[in-house]
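Results of the structural survey
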Amino acid sequence: MTNTASTSPTAKAQIGVTGLAVMGSNIARNFAHKGYTVALHNRSIAKTDALLAEHGSEGSFIRSETIAEFVDALEKPRRVLIMVKAGDPTDAVINELADAMEPGDIIIDGGNSLYTDTIRREKAMADRGLHFVGAGISGGEEGALNGPSIMPGGPAESYKSLGPLLESISAHVDGEPCCTHIGPDGSGHFVKMVHNGIEYADMQLIGEAYDLMRRVLDLPVADIADVFAQWNTGDLESYLIEITAQVLAQTDADTGKPLVDVIVDEAGQKGTGRWTVKSALDLGIPTTGIAEAVFARALSSSSGQRKQAQGLAGGTAGTAPADKDAFVDDIRAALYASKVVAYAQGFDQISAGSKEYDWNVDRGSLATIWRGGCIIRAKFLNRIRDAYADNPDLPSLLLDPYFRDAVESGVDAWRRVVSTAALMGVPVPAFASSLSYYDGLRSERLPAALTQGLRDYFGAHTYQRIDKPGTFHTLWGGDRTEVEQ
Ligand code: 6PG
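The sections below set out a description of the structure shown in this document. (Residues numbered from 1 in each chain as written. Predicted model: local features only at pLDDT ≥ 70, side-chain atom pairs only at ≥ 80, totals over all residues. Heavy atoms only, no water.)

What about the overall build of the chain?
Helix and strand content of the chain: 19 helices and 11 strands. In summary, the chain has a C-alpha radius of gyration of 26 Å against a globular reference of 23 Å for 485 residues, a match within 12%. Across its three principal axes, the chain shows a C-alpha extent of roughly 85 × 70 × 45 Å. Split into buried and exposed, the 485 residues of the chain put 50% on the buried side. Sequence separation of 24 or more characterises 67% of the internal contacts of the chain that already satisfy a separation of 6 or more. By element, 51% of the accessible surface of the chain is carried by carbon and sulfur atoms, the whole surface being about 22300 Å². Looking at the chain, you have 44 positive and 63 negative side-chain charges, and the mean spots of the two groups are 2 Å apart. (Helix = DSSP H or I, 4+ residues; strand = E, 2+ residues; numbered from the N terminus. Rg over C-alpha atoms; globule rule 2.2 N^0.38 Å. Buried < 20%, exposed > 50% of the residue type's maximum accessible area, 1.4 Å probe, protein only. Contact = heavy atoms within 4.5 Å. Areas by Shrake-Rupley, 256 points an atom, 1.4 Å probe, with all protein chains shown as cover. Lys, Arg positive; Asp, Glu negative; His and termini not counted. Charge placed at Lys NZ, Arg CZ, Asp CG, Glu CD.)

A short note on the site of the ligand
Every one of the 14 residues lining the ligand counts as a neighbour, but Asn112, Ser138, Glu199, Tyr200 and Lys270 are closest to it. Here an oxygen atom of the ligand sits 3.2 Å away from a polar atom, N or O, in the main chain of glycine 140. Residue glutamate 199 places a side-chain N or O atom 2.6 Å away from an oxygen atom belonging to the ligand. Relative to its unbound accessible area of 420 Å², the ligand is 80% covered by the protein chains. Per element, the largest residue contribution to the shell around the ligand is five residues, and it comes from helix H8 (residues 187–215). (Near = heavy atom within 4 Å. Polar contact = N/O pair within 3.5 Å; in protein donor to acceptor, adjacent residues only side chain to side chain.)

Describing the sheet that holds strand S7 (residues 149–152)
Ordered by their spatial adjacency, seven strands build an open sheet running S3-S2-S1-S4-S5-S6-S7, and the pairing between neighbours is mixed. One side of each edge strand has no neighbouring strand; the edge strands of this open sheet are strand S3 (60–63) and S7. The average undirected angle you get between the axes of adjacent strands in this sheet is 25 degrees. With four bridges connecting them, strand S5 (residues 106–109) and strand S6 (residues 131–138) associate as parallel partners. Residue aspartate 109 lies in a different strand from S6, and its bridge partner there is glycine 134. (Pairing = 2+ DSSP bridges. Axes fitted to C-alpha atoms, helices over the stretch in contact; angles between N-to-C directions.)

Regarding the environment of asparagine 146
Tracing the chain through its elements places asparagine 146 in helix H6 (residues 140–146). Asparagine 146 gets classed as partly exposed once you look at its relative accessible area, which sits at 49%. Separated by 116 residues in sequence, asparagine 146 and valine 262 place their C-alpha atoms 31 Å apart.

Here we look at the nonpolar core
Grouped together as the largest cluster of nonpolar side chains are 85 residues, with contacts concentrated most on Phe228, Trp231, Trp370 and Phe431. With 14 residues, the single largest contributor to this core is helix H14 (residues 324–357). Excluding its chain neighbours within four sequence positions, the residues that come into contact with tryptophan 370 are Ser149, Met151, Val191, His195, Ile198, Phe347, Ile350, Ile376, Arg377, Ala378 and Leu381. If you look at the next biggest cluster of nonpolar residues, it comprises 28 residues, including Met83, Ile106, Ile137 and Ile150. (Core = buried A, V, L, I, M, F, W, Y, C linked by side-chain atoms within 4.5 Å.)

Looking at the pattern of salt bridges
Charged atoms that come close allow side chains of opposite charge to pair. Taken as a whole and assessed by the stated rule, the structure comprises 28 salt bridges. Among the salt bridges present, the one from arginine 63 reaches aspartate 49, with a minimum N-O distance of 2.6 Å. Of the two residues, arginine 63 is situated in strand S3 and aspartate 49 in helix H2 (residues 45–55); the sequence distance between them amounts to 14 residues. A salt bridge links arginine 120 to aspartate 91; its shortest N-O distance comes to 3.1 Å. Of the two residues, arginine 120 sits in helix H5 (residues 115–127) while aspartate 91 sits in helix H4 (residues 88–100), which places them 29 residues apart along the sequence. Owing to a relative accessible area of 42%, arginine 120 belongs among the partly exposed residues under this scheme. Through salt bridges that share partners, Asp91, Asp109, Asp117, Arg120 and Arg121 make up one connected network. (Salt bridge = Lys/Arg side-chain N within 4 Å of Asp/Glu carboxyl O.)

Description of the pairing of strand S1 (residues 15–18)
Across the two faces of S1 the burial is the same, with Ile15 and Val17 and Gly16 and Thr18 all buried. Where S1 meets strand S2 (residues 37–41), four bridges bridge the pair, whose relative direction is parallel. Residue pairing in the sheet places threonine 18 in a bridge with histidine 41 of S2. Read from S1 through helix H1 (residues 22–33) to S2, the crossover connection turns out right-handed. (Right-handed = clockwise from strand over helix to strand, strands pointing away.)

What about the packing of aromatic side chains?
What characterises a pair of aromatic rings is the spacing of the ring centres plus the angle enclosed by the ring planes. Using the criterion set out here, one finds 15 aromatic pairs in the structure. Here the aromatic rings of phenylalanine 228 and tryptophan 231 are separated by 5.1 Å at their centres, their planes lie at 70 degrees, and the arrangement is edge-to-face. Here tryptophan 231 and phenylalanine 228 lie together in helix H9 (residues 221–231), a separation of three residues that amounts to about one turn. According to the relative accessible area criterion, tryptophan 231 is buried, its value standing at 6%. Judged by centre distance (5.0 Å) and plane angle (40 degrees), the rings of tyrosine 457 and tryptophan 476 are tilted. Of this pair, tyrosine 457 sits in helix H19 (residues 448–459) while tryptophan 476 sits in the loop between strand S10 (472–474) and strand S11 (482–484), and the two are 19 residues apart along the sequence. Tyrosine 457 sits in the partly exposed class, given a relative accessible area of 47%. Each residue in the set Tyr336, Tyr343, Phe380, Tyr402 and Phe403 is aromatic and connected to the rest through ring pairs, giving one cluster. (Phe/Tyr/Trp six-rings, centres within 6.5 Å; stacked < 30°, edge-to-face > 60°.)

Focus: a nonpolar patch on the surface
There is a patch of nonpolar side chains on the surface, built from Leu450, Leu454, Tyr457 and Phe458 and spanning about 480 Å² of accessible area. Examined against the element boundaries, leucine 454 turns out to sit in helix H19. For leucine 454, a relative accessible area of 46% corresponds to the partly exposed category. (Patch = residues over 30% accessible without salt bridge, like charges linked within 9 Å, V, L, I, M, F, W, Y side chains within 5 Å.)

Brief notes about the packing of helix H17 (residues 401–424) against helix H18 (residues 429–442)
The description of two packed helices rests on the angle between their axes and on the distance between the axes. Relative to each other, H17 and H18 sit at 130 degrees, their axes nearing to 10 Å. In terms of orientation, H17 lies oblique with respect to H18. In this structure, H17 crosses over H18, and the sense of that crossing is left-handed. Mapping the contact onto sequence places Val407, Glu408, Val411, Trp414, Arg415, Val417 and Val418 in H17 and Phe431, Ala432, Ser434, Leu435, Tyr438, Asp439 and Arg442 in H18. The residue makeup of the contact of H17 with H18, split by class, is nine nonpolar, one polar and four charged. (Parallel < 35°, antiparallel > 145°, perpendicular 65-115°, else oblique. Left-handed = near helix turned anticlockwise from the far one by under 90°. Nonpolar A, V, L, I, M, F, W, Y, C, P; charged D, E, K, R; others polar.)

Quick look at the structure:
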């Protein structure tokens with residue numbers, strides 16, 4: 001196996017990776033473990049050499065110092081995976097590569113790029129005869145090394161040559177790769193963005209469930225860790241529930257307290273959740289669970305305001321439920337139902353994005369590739385896959401018979417949890433907004449009729465009637481008769 005710069009002109013690499021921070025290094029090693037020769041490039045050669053020194057014996061690598069050397073080390077059509085910071089650094093590497101590559105070559109952006117940037121870049125590269133693939137990659141450092149979930153967009157033609165490589169390094173569930181061609185141009189990064197939005201919602205819901213057990217039931221953290229471990233053996237089985245049990249079980253070495261009690265309670269964010277919500281607003285899709293999760297992180301980080309508001313009264317309306325076990329079970333049901341809502345909304349956003357950009361994203365295939373490798377991997381993605389297999393045009397996941405039944409059977413528990421939280425003054429924005437969304441969706445009449453009346457009153461914005469076609473306006477400032485527009 002080659003682990004240094006190749007001197008033989010015939011020893012070409014099947015894939016190149018540029019950007020060798022942890023994610024890039026791990027993906028390069030993953031390719032090498034699968035038997036591919038991997039050309040390595042990094043802006044500073046020190047990182048390339050460090051990777052070769054530590055892991056060079058794991059497979060076949062070709063070291064390159066310059067972009068020209070890097071491109072020359074690749075077999076044609078060349079395939080280069082960029083793993084650098086989203087934004088300007090990605091544009092800089094793309095431009096440098098494009099100058100050195102030839103028509104038919106493929107540039108893959110594996111970072112968390114904004115999908116509109118990917119649309120722009122794909123167009124620019126297509127004009128130069130190059131294929132550009134925006135690929136969402138999920139799974140963190142561990143996934144990158146041992147099998148991530150990969151969501152490549154871009155031209156279908158490029159997937160023919162690229163797909164087998166990506167599929168071979170991806171996670172596999174029941175023998176199926178967690179990688180599929182998502183659709184044209186920005187579709188891969190769009191679905192990765194929504195994946196991250198769902199990840200935000202999932203984590204917020206988990207946080208609320210934890211907080212309820214802590215503040216309403218006064219359970220010790222170690223017991224809550226056990227509850228999550230227990231939940232991970234049932235319908236809620238998922239990576240995030242599994243690691244919640246582990247984080248909660250961790251004791252801080254310095255203080256002997258649960259680690260969670262010494263971590264500053266201000267949640268960071270790099271932007272993909274915010275992008276999801278902005279896109280949801282543009283598409284007109286009520287992705288309320290994700291929005292609440294993004295806003296909850298923002299509230300947590302408003303430390304100055306929070307400090308000053310700490311003395312505000314919470315009232316005395318609530319009492320803790322007497323039967324703690326029963327309430328823990330209610331929380332489990334509320335978590336599951338709210339999670340179904342978050343996924344239903346996320347998949348609605350994907351449908352809307354797909355329609356808007358003409359991507360033809362297959363929601364069932366997406367659920368399939370999210371079953372393994374990615375951060376939101378979960379047992380219930382099998383159910384989502386089945387739901388779209390049974391009905392590819394399903395209007396909402398909540399209308400699939402399985403999910404409908406699961407949510408309906410938990411709805412009383414969900415209401416008990418949300419009302420108890422409100423009475424006890426414990427914030428549950430994601431639980432509560434998911435329940436309100438559910439109630440909104442199933443309501444025969446909504447107060448939007450009044451909104452329309454008000455809009456017509458102050459701005460003559462008109463309204464439709466339920467009993468006849470047409471557009472109407474009431475002469476609010478006159479005799480209040482109705483006129484047809
Ligand atoms: C993944 C993760 C990954 C990253 C998030 C974290 O799918 O592997 O989502 O993309 O960990 O971007 O996002 P925040 O820093 O915004 O929480």
